[in-house]
Amino acid sequence: MNSEDDLFYNDDDSAHEMDDDDDDFVEMGIEPEPTSTNEKTDVEVFLYEVLTTEQIVQHMVDCIKEVNTVVQIPATTTRILLNHFKWDKEKLMDCYYDGDQEKLFLEAHVISPFKKTPNAKKRTTRATSAAVAASVQQEVTCEICYLALPATLMTGLECGHKFCIQCWTEYLTTKIMDEGMGQVGTISCAAHNCDILVDDATVMKLVKDPKVKLKYQHLITNSFVECNRLLRWCPMPDCGHVVKVQFFDSKPVSCNCGHIFCFACGENWHDPVRCMWLKRWIKKCDDDSETSNWIAANTKECPKCHSTIEKDGGCNHMVCKKCRFDFCWVCLGPWEPHGSSWYNCNRYDEDEAKKARDSQEKSRSALQRYLFYCNRYMNHMQSLKFESKLYASIRLKMEEMQQHNMSWIEVQFLKKAVDVLCQCRQTLMYTYVFAFYLRKNNQSIIFEENQKDLENSTEHLSEYLERDITSDMLVDIKQKVQDKYRYCESRRKVLLDHVHEGYERELWDYLDSA
Amino acid sequence: MAGSALKRLMAEYKQLTLNPPEGIVAGPVDEENFFEWEALITGPEETCFEGGVFAAKLTFPSDYPLSPPKMKFTCDIFHPNIYSDGRVCISILHAPGDDPMGYESSAERWSPVQSVEKILLSVVSMLAEPNDESAANVDAAKTWRDNRARFNEIAHQTVRKSLGL
C-alpha cells in the first residue's frame, strides 16, 4: 500500500475511489455495519440519518470532492480550507471566487497552490531531480536535532522551512498523540512563528506508525463533525455514531444505540424546556446547588453591600470586611444605636433593621425558590434512575404471569407501562426547569395545573407498578395499570401541547433575574 | 526518542561552550546525565539586578526538543514572572497547547527550533523587563507596579545574596 492510499481521498484520480474506501474502513479499525443509513422521522417530520464512522468519513470525502469539482486545488488543501470555513461549502466558494484569493489562503494558513515559488530562498520539494542530485553532497543542519545531514533527507512545506525527515515524524507524532492537535484539526509547521498548516498528504507520508495514522484520521473526522452544524456525535460513551440532519433545530433524535437526545444541544431530550434555559439551569445546578444550601444555612449578608458573611466568633458586633459597615448580627441593623447592650436591638425593629431584613428576605426567598425547583427536578431524575431496576422486576413479573395462563401478548402492557412511566418522569423533570424561569401569568397557572395532574397520575402509576403488582389480583391490576398509563400518556401530551402552543403564540414570559 | 534528545543536547552544549552568549554560562550538572543542566545568569546591566549572578536548574524531558524543558532558579529571586519556589513562568517554556489563562499567543511559545540559548536570552530580557500582566508571583508584580523603590531595594538584596555577600 503506498502512502497516497492511506489517506481518505485521492488527489488526482477518483476512479480508484472504491478501493480506497475499502482501505479506509480497515484503517479506521471499525467493522462496517450492514445496517446502512436509517431514515427516521419525527412526528413533525424532522428528517435525520444516523451515520457510522465510516459513513462520516465518506461524507467528508464527498464534501471535499464536491468542492474540488469546482475549485481546482489539491484535495488536501481543500480540507484545510473547508476546515477553516467550518465546512461551509458555500462560504468557501463565495470567498474563493468573490474575494481576494491570496488573503483567503493567508487566513487559512496555507500557501497558495498557484504560487509554486515560495518566498523562502530554498527550492521547493518538487525541485528538479538534477538539482537534487547536485545537492546530495551538500550537508544541511537540521534545526531540530542539530545534525548535519544530506539535503535529500530534509523536507518541509511550501513555506520553505526544512527539517530532517526523522524530526518531522517525531514532531507530528507528538502533536497527534500528545497534544491531540489542539482540537482544531490542524498542525502548523515546526518552525518558530510559522503558522503554515501541514496538509494531510504530508502527514500521511511522514508518519509511519499505523496507530498514529489512525489517531490522526480520528482527529480529522472529529474536527469535521465538531465544526459541522448539521452533524452531532451521539453523546453516549463509546457510541461512535453521528446524527446528520437536514437543518439545524432543537428536535429529538434517536441514535442506533437507542439513546434519544436533543440535536441542538446534545442533552437528553428535554421537552418542554428549551435548550437555552436548560443550559442555564445545568450551569446553575453545577455551580450552586450544594453551595447555596450551605450558604442558606450558615451565612447572612452585609445589610449594606450584600457580601455574604460567615460568622466565626461569638461577638454580634460585625464589621463588614468589604464596606466597613458596622452592624448587628442579630437584627442586621446599624451597630451605632446598640450602644453597649446589644440585646436591646429588638428596639430598632421598626426602623432600618427592618429594611435590612427585608432585603435579605428577598435574596433568601430567591434561594428558597431555586431549591424548591431544584429538589423536584433532582427527585424526578433520581426516580428515573431507579426505573431501570423496575424494568428488571417487571420482567420477572411478566414471566410469572405467563405461567398463570396469560399469553405473551397479554403481559406486554407491563413493559409499556414502565416505558410511559419513564417518559412522564423525564418530561416532569424538565417541566421544573421550564417553570423555574417562567413568570407567573394566566397561562403559567394552567401549565402548573397540567403539571400537577401529570405528576399525580405518574406517582399513582409508579405506585401500581412498584407495590400493587405484587398482589395476586393479576386481572384487576391489568385494568388499573392500563387505564392509568393511558391517562398519564394523554396528560403528558396535553401538557406538552400546551407548552408548544405557548411557544408559538408567545404566551410565556420569562424571569430575567432567575 | 531519548537518543535524539541526547544528541541534540550535546550539540547545544558544544555550541554554548564554543560561542557563549554574554553573561550566560550553562551546561549539564554531570556529564553522565545530559538531561539536568545548571545555568548561571548575570543580571542585565542598568537594571536593578545588575551585578547579580543567578543560578538556575534546567530539566529536559526525554522528547526534547519536541517538549520544552523546565527551568527553576535555585537561588532567591523576587520577580513577577518567577514563582516563589523559583520556577520560571515565561511563554517560551510553554507548549503551544497549554495556556489555561489565554494570555499568550501561540507565536511566542515553545517550538522545537527554540534552544537553551534562546530560553536563557529570553530569561535575561525577562529580568530586565518583567511582565506584570501575567504574574507568577503576585506580590512581586504588585511591588513592581506600585512601589518601584521597594522592588529595587529587594532586588539589590538578592543581588548581594547571590554573590554571597
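What counts and what doesn't
- Residues numbered from 1 in each chain as written.
- Chains lettered and ligands numbered in written order.
- Predicted model: local features only at pLDDT ≥ 70, side-chain atom pairs only at ≥ 80, totals over all residues.
- Heavy atoms only, no water.
- UniProt positions renumbered as here; feature names shortened; annotations may be inferred.
- Helix = DSSP H or I, 4+ residues; strand = E, 2+ residues; numbered from the N terminus.
- Buried < 20%, exposed > 50% of the residue type's maximum accessible area, 1.4 Å probe, protein only.
- Contact = heavy atoms within 4.5 Å.
- Areas by Shrake-Rupley, 256 points an atom, 1.4 Å probe, with all protein chains shown as cover.
- Pairing = 2+ DSSP bridges.
- Axes fitted to C-alpha atoms, helices over the stretch in contact; angles between N-to-C directions.
- Expected span 1.5 Å × (residues − 1).
- Salt bridge = Lys/Arg side-chain N within 4 Å of Asp/Glu carboxyl O.
- Buried area = accessible area lost by both parts, 1.4 Å probe.
- Polar contact = N/O pair within 3.5 Å; in protein donor to acceptor, adjacent residues only side chain to side chain.
- Nonpolar A, V, L, I, M, F, W, Y, C, P; charged D, E, K, R; others polar.

Where an unreviewed UniProt entry is consulted, chain B appears under the name Ubiquitin-conjugating enzyme E2 G2, with the organism given as Ridgeia piscesae. The UniProt entry for chain B carries this comment under Sequence similarities (unreviewed entry): "Belongs to the ubiquitin-conjugating enzyme family." UniProt, in its Catalytic activity (unreviewed entry) section for chain B, records the words "S-ubiquitinyl-[E1 ubiquitin-activating enzyme]-L-cysteine + [E2 ubiquitin-conjugating enzyme]-L-cysteine = [E1 ubiquitin-activating enzyme]-L-cysteine + S-ubiquitinyl-[E2 ubiquitin-conjugating enzyme]-L-cysteine."

The name given to chain A in an unreviewed UniProt entry is RBR-type E3 ubiquitin transferase, with Ridgeia piscesae as the source organism. Comment text from UniProt for chain A, heading Catalytic activity (unreviewed entry), reads "[E2 ubiquitin-conjugating enzyme]-S-ubiquitinyl-L-cysteine + [acceptor protein]-L-lysine = [E2 ubiquitin-conjugating enzyme]-L-cysteine + [acceptor protein]-N(6)-ubiquitinyl-L-lysine." The record held by UniProt for chain A lists under Sequence similarities (unreviewed entry) the comment "Belongs to the RBR family. Ariadne subfamily."

Attention now goes to the overall build of chain B. Tallying secondary structure elements over chain B gives four helices and four strands in all. Burial status across chain B gives 48% buried among its 165 residues. Relative to all contacts within chain B whose residues are 6 or more apart in sequence, the contacts with residues 24 or more apart total 55%. Entry remark: accessible area of chain B is about 8500 Å², with carbon and sulfur atoms responsible for 50%.

Residue and element names in this part refer to chain B. Taking strand neighbours across the sheet as the criterion, the four strands line up as 1-2-3-4 in an open arrangement whose pairing is antiparallel. Looking at which strands have only one partner, the edges of the open sheet turn out to be strand 1 (24–30) and strand 4 (70–73). When strand polarity is set aside, the average angle formed by the axes of neighbouring strands in this sheet is 25°. Relative to strand 3 (residues 53–59), strand 2 (residues 33–42) is paired through seven bridges, and the arrangement is antiparallel.

Attention shifts here to helix 3 (residues 53–70) of chain A. Compared with the 26 Å implied by 1.5 Å per residue over 18 residues, the 27 Å span of helix 3 of chain A between its first and last C-alpha is a close match. Of all the residues in helix 3 of chain A, the buried ones are Thr53, Glu54, Ile56, Val57, Gln58, His59, Met60, Val61, Cys63, Ile64, Val67 and Asn68 of chain A.

We now examine the pattern of salt bridges. Residue and element names in this part refer to chain A. One pass over the full model with this rule turns up 19 salt bridges over all chains. A salt bridge links Asp249 to Lys251, with the shortest nitrogen-to-oxygen separation between them at 3.4 Å. In this structure Lys251 comes out as buried when scored by relative accessible area, which is 15%. For Lys415, the salt bridge goes to Asp419, with nearest N and O atoms at 3.4 Å. Here Lys415 pairs with Asp419, and both are found in helix 13 (residues 408–436), just four residues apart, close to one helical turn. Given a relative accessible area of 38%, Lys415 falls into the partly exposed group. Since its relative accessible area comes to 26%, Asp419 is described here as partly exposed. Salt bridges sharing partners connect three or more residues here, namely Glu387, Arg425 and Glu459.

Attention shifts here to the pairing of strand 3 of chain B. Direction of pairing for strand 3 of chain B relative to strand 4 of chain B: antiparallel, over a ladder of four bridges. Bridging across to strand 4 of chain B, Leu58 of chain B finds its partner in Met71 of chain B.

This part is about the interface of chain B and chain A. How big an interface is tends to be stated in terms of the accessible area lost upon association of its parts. In this complex, chain B contributes 19 residues to the contact, which on the side of chain A involves 16 residues. Contact with chain A buries area across many residues of chain B, yet Arg8, Leu66 and Val113 of chain B alone supply 36% of it, more than any other trio. Put simply, chain B and chain A have zero salt bridges between them. Seen at the junction of chain B and chain A, the total is four residue pairs in polar contact (both at pLDDT 80 or more). Looking at side-chain class alone, the side of chain B that touches chain A contains nine nonpolar, five polar and five charged residues.

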